[in-house]
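Descriptive analysis of the structure
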Amino acid sequence: MTGILKSREAILALAILALLALVAMRFPAFILPGNLANVLTDTSPLIILALGQMVVILTKCIDLSIAASLALCGMVAGLLNMAGVPIAVILLAVIVLGALLGAFNGLLVWKLGIPSIVVTLGTMTIYRGIIFLLTAGKWINAHQMSPEFKAFPRAMILGFPVMTWIMIAIVAIFAVLIYRTPLGRAFFAVGGNPHAAVYTGISVGRTQFAAFVISGTLAGLTGYLWVARYAVAYVDIAGGFELDVVAACVIGGVAIAGGAGSVAGAVMGALFLGIMKNALPVVGISPFAQMAISGIAILVAIAFNARSSRQKGRIILKQAEHRTVEGTA
Amino acid sequence: MLTETALAKGAEAMAPVLSFRGITKTFPGVRALDGVDLDLYAGKVTALIGENGAGKSTVVKILTGIYQPDGGTILVNGVETHFPTAQAAAKAGVTAIHQETVLFDELTVAENIFIGHAPRTRFGLIDTSAMEVEAKRLLTSIGADLDPRIRLRELGIASKHLVAIARALSIDASVVIMDEPTAALSHKEIHELYELVEKLKAQGKAILFISHKFDEIFRIADRWTVFRDGQFVGSGEIAEVTEARLVQLMVGREVDKIYPKRPARIGPPVLTVAGYSHPTEFDDIGFTLHQGEILGFYGLVGAGRSELMQALFGITRPSKGACRIDDRVMVLRGTADAISAGIVYVPEDRGRQGAVKGLPIFQNVTLPSLAKTSRSGFLRLAEEFRMTRDYTSRLDLRAASLDQDVGLLSGGNQQKVVIAKWLATRPRVIILDEPTKGIDIGSKAAVHDFMSELAAEGLAVIMVSSEIPEVLGMSDRVIVMREGRIAAEFSGDRMTPENLVRAAAGIEGEAA
Amino acid sequence: MTSTVDPMATAPGRGRNIPDRLVPGWKRALKSWEALLFAVAVAIFIANSLASPYFLDPWNLSDASFNFTEKAIIAFAMAMLIIAGEIDLSVAAIIALASTAMGLAMSAGASVPVLVLIGLATGLICGAFNGFLVAGLGLPSIVVTIGTMSLFRGIAYIVLGDGAFTGYPDAFGWFGQGYVWWVFSFELVLFMVMAVVFGLLLHATNFGRRVYVIGNNATAARFSGVRVDRIRFILFLLTGLMSGIAAICLTSRLGSTRPSIATGFELEVVTMVVLGGVNILGGSGSIPGVVIAALVMGLVTFGLGLLNVPGIVMSIIIGALLIGVIALPRLWKMART
């Protein structure tokens, strides 16, 4: 049995602590609770989307359209707001729209068997293009948004803004979903051994469809949060964000081949990236270096993933056995 | 169907628990099952026998709700039934231990056992504690001392197999299907499986046992049913039939010379291995192989034979030792080096390691020989077809065209393509790893025939096999491996089944 | 004893007479993806010429070619890589880094041949880095190249910040703006030459055959003496090199280097490859297909441009085209059964 210390999540937690320590050496104010809370809030969209991407990747798929879905739903939220629709309805609308966008992806993968990378490559441009069609390229600026619209995600409850609470709620729901529901277990089964899943009565396509709907729904919700928090909506918001999300998953130990990963891992992977993004300017590293450092972090994480999951060659010689629990026949 | 004899004997009700009547299943271009009948009786083991392509796996898939029959009826206790989904089959009391692993490494033992039918709490969530308790009970009942909470990937192969059995038993079944259950088991595990079968029989379950090992069939089965080419050919009591008759029904003709032996003309040594070692897979291997010889390698599954052969072929690197061809030390940095030195390897896992499905036959055959068929790196298709024609006709390949996707061929024909591929490289040494595993009996005889011819023509042949009749029937000498080492070497009169089994299992002493 | 005639090759009176091919080559070509795509290309060509009077002008068509040639030459290498079962999402970032390297050299006064050399070398080095991680260390290419994509472009950002390199020598401009003969620009000629080179490489050489084998079953390939890792490494070198060449063309055409150069190119290249009939999962596809796909994408963008359709709407159409062209045959098959 691998000890707690060797688990991937533990190592990631240590890495985060080490990162914080490094930053604190240069800029102690960074680890003040107030600042850390800000960082958490700032990273919430990434965490939420990383969870959605995680279930997609678990089922051996990938969703490159999440940033475009986010942007489209955010814009729709802004438009609805300008039309005077109440916040509660707007929230419902973005969730439903996000689910539909995800369902479209999921249907193409499930019913037509088109590989997800191709589907989401296509919908990525289609969804973002629809934003242009809706607005002819015009922006929605802060003064065009109602005060309630902008204030909702920032409203403080018990020291944290609503946005952070929403993120926490989603993390909790996901933990239950992944570990305690048949669908959650099905995600792992489908990704781990798709041929075998059929024998257990699990439909691979339907499980993948569910993953895309979840991913789309979260993208929709995050669309509103993003647009409301940054108080602006236009075609290019969150451009390239889908790659950050995939990076967060990779760093969090979600195997790109499917079938392996954890909620804690995805959350910490996103946290790691979020802290880095916030810390660099503060430590005096040019924000232009951020991209390169992200890239290195991803490569290191992948190498690490590969090493820990590499199957040892068959252990046949008795003297080569290290584990006393199980040897081979 | 109750017969007067049965009533008179006072036997338990002889009505079958589950029956197929005229079941048909068609796929595009193939009629997998053509109006077949099958009867399974409570407390009895029915062996389903047939060559590959006879329709056995289709039967399993229909019974477990994966496929729907196109015609005919399924009767459960005399009542017409359908299994539209895997869940429906499970609910009707059908469970299966499959040939392939139906397990998931990232889930826990308990989750693996109960996936698809986990117990739920009031809120619809999985009741993890109840699941783990029940899993523990099932595991203990089959003699497995495993913690249901650990992840499957931390277990060894033997334990994973036990989890698969526990999974099959987790469904309260009246019909248990076992599809080639002993294919990957050691002798000890096979023995335990037989005990499990007896236990299940005593519980009144009906068992469908699919196997092509006749010793097994005659040991544990009560009844037999034979399919051939998707059709029902016959059924009856095991006590009233002979192996020869079963084979005749399977193949449709008499097959006697399964192990053709030709007089061996053993020439000079070709391959000499000394002190060959690997950090985890084998240690201190030494032997000599001669021209014209068939050297058998016997051992239990996991003894290290395939690993040794793959190292000799350049797939893995040994840590110590030398191997020589004609006294020249071979430095193998990869398979290309082995092939140019004249060693070729026909793998056990034909689908994954041998044939490239999706590509045509001729491209498979010429793959290691492209340097010979091409000119300055450019392909010459005419040469490739010529080479392919030469070697496939020699092996009596059956295919629609040389351009056909090799994945569409039967197992036996795919094996022929793989062998043709290696013959085209003009090797000195050919290593065959379980060459007739999972192959129908007609093709088996052909492969053996062929091996003898290869030896007669001066090739040096190594045959890795786990079937004692095959090893003894074909080899001039046998080396037995155990736990990564050479346990013994036998030739002549000392090549007996008892000696082989003892050496492989590590039992001391030899029969005289 | 060895002899010149292999005794194992032919045995008298044995074996069946199996024909080489059942379906003649031309018949198969007609039913292929490439044929379908070619029909689509012809349809688009006709639609475009009806929609706008400016379409059939040779110089306009030549201008149009610029919007696909740079992506297409990368697409050829990318197609081979994808057929082998890998992917390289860092190609656009390699363009950015190569362009930045050339800009640095240019600022140091390097001559045009040196600039070209640096562009090519940067491409090769980046390709080698990718190749080392994927083929050498066995890491999955999709996430590796997402990582190197950030790394390579990130380096460009570190060097340039939000600035730019301008002032490339006039002679350098010939690659992206010059003409070889009449309407045939250097880029167009380069595209045609590369189409032939890659076409031969993939379809007529041992190397190309091995690429298909690896994409269908890398394990069996390894067990058959194919040097899988070496071939994968070379394929990444090729995508890197082609990105380097594209960087030279693009930088020369734009006359400047910004770290954001070629953003989004990688997805357009993958779109071009998949539209060309290459299976994203590996194992099948052809260079002629990619050529036709490049022309289709070029025709669509050019035609829409003449109608003053904004760029972002064009990308909707390309996205829809990608999904549509792949979905339609499947929908057709589903409707038939």
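Reading the values: rules and limits
- Residues numbered from 1 in each chain as written.
- Chains lettered and ligands numbered in written order.
- Predicted model: local features only at pLDDT ≥ 70, side-chain atom pairs only at ≥ 80, totals over all residues.
- Heavy atoms only, no water.
- Helix = DSSP H or I, 4+ residues; strand = E, 2+ residues; numbered from the N terminus.
- Buried < 20%, exposed > 50% of the residue type's maximum accessible area, 1.4 Å probe, protein only.
- Pairing = 2+ DSSP bridges.
- Patch = residues over 30% accessible without salt bridge, like charges linked within 9 Å, V, L, I, M, F, W, Y side chains within 5 Å.
- Areas by Shrake-Rupley, 256 points an atom, 1.4 Å probe, with all protein chains shown as cover.
- Salt bridge = Lys/Arg side-chain N within 4 Å of Asp/Glu carboxyl O.
- Phe/Tyr/Trp six-rings, centres within 6.5 Å; stacked < 30°, edge-to-face > 60°.
- Lys NZ or Arg CZ within 6 Å of the ring centre and 35° of its normal.
- pLDDT = per-residue confidence, 0-100.
- Contact = heavy atoms within 4.5 Å.
- Axes fitted to C-alpha atoms, helices over the stretch in contact; angles between N-to-C directions.
- Domains from an automatic or database assignment.

Before going further, it helps to spend a moment on unusual backbone geometry. Residue and element names in this part refer to chain A. With a phi close to 70°, Lys-60 is a non-glycine residue in the positive phi region. Within the secondary structure, Lys-60 sits in the loop between helix H2 (33-58) and helix H3 (66-82). Residue Ala-231 is not a glycine yet carries a positive backbone phi of 55°. Structurally, the position occupied by Ala-231 is in the loop between helix H10 (204-230) and helix H11 (241-251).

On to the pairing of strand S12 (residues 285-290) of chain B, then. Residue and element names in this part refer to chain B. What you see with S12 is a clean split: Ile-285, Phe-287 and Leu-289 sit on the buried side and Gly-286, Thr-288 and His-290 on the side with no burial. As paired elements, strand S11 (residues 269-277) and S12 share five bridges and run antiparallel to each other. Paired with Pro-269 across the strands is His-290, a residue of S12.

Quick look at the pairing of strand S18 (residues 460-464) of chain B now. Residue and element names in this part refer to chain B. Summarising burial for S18: five of the five residues are buried, a large majority. Of the two faces of S18, the one holding Ala-460, Ile-462 and Val-464 and the one holding Val-461 and Met-463 are both buried throughout. By the bridge criterion, four bridges tie strand S13 (residues 294-299) to S18 in an arrangement that is parallel. Opposite Leu-295, over in S18, you have Ile-462 as the bridge partner. For strand S17 (residues 429-433) and S18, the ladder comprises five bridges, and the chain directions are parallel. By the bridge assignment, Ile-431 is partnered in S18 with Ile-462.

This brings us to a nonpolar patch on the surface. Residues and elements named next belong to chain C. On the surface, Trp-59, Trp-174, Val-180, Trp-181 and Trp-182 cluster together into a nonpolar patch covering about 610 Å² of accessible area. Counting through the fold element by element, Trp-181 comes out in strand S2 (residues 179-181). For Trp-181, a relative accessible area of 59% corresponds to the exposed category.

A few words on the packing of aromatic side chains. As enumerated under the stated definition, the model contains 27 aromatic pairs over all chains in all. Aromatic rings pair up to connect C:Tyr168, C:Phe172, C:Trp174, C:Phe175 and C:Phe186 into one cluster. Across the ring face of A:Trp110, the terminal group of A:Lys111 is positioned such that the distance to the ring centre comes to 4.2 Å. A cation over a ring is seen here: C:Lys71 above C:Phe265, with NZ or CZ 5.2 Å from the ring centre.

On to the confidence of the model for chain C, then. Residues and elements named next belong to chain C. Mean pLDDT over chain C: 89, with 95% of residues reaching 70 or higher. In this model, residues 1-5 is a region of pLDDT below 50 whose contacts with residues beyond four sequence positions or in other chains number four contacts. Within the model, the stretch residues 10-14 combines pLDDT values under 50 with five contacts to residues more than four positions away or in other chains. Scored by ipTM, the complex comes to 0.87, with pTM at 0.86.

Residue and element names in this part refer to chain B. Across the sheet, six strands lie side by side as S16-S17-S18-S13-S19-S20; this open sheet has mixed pairing. Each edge of the open sheet carries a strand with a single partner, namely strand S16 (343-346) and strand S20 (485-491). Across this sheet, the average inter-strand angle for adjacent strands is 20°, counted without regard to direction. Both S16 and S17 contribute to a ladder of four bridges, which runs parallel. Note that in S17 the partner of Ile-343 across the bridge is Val-429. Sheet strands touched by helix H19 (residues 497-505): S13, strand S19 (477-482) and S20. Its angle to S19, the strand with the most contacts, is close to 25°.

When its domains are assigned, chain B resolves into domain 1 (11-251) and domain 2 (264-342 + 427-440 + 458-505). The centre of domain 1 of chain B, based on its C-alpha atoms, is set 35 Å off from the matching centre of domain 2 of chain B.

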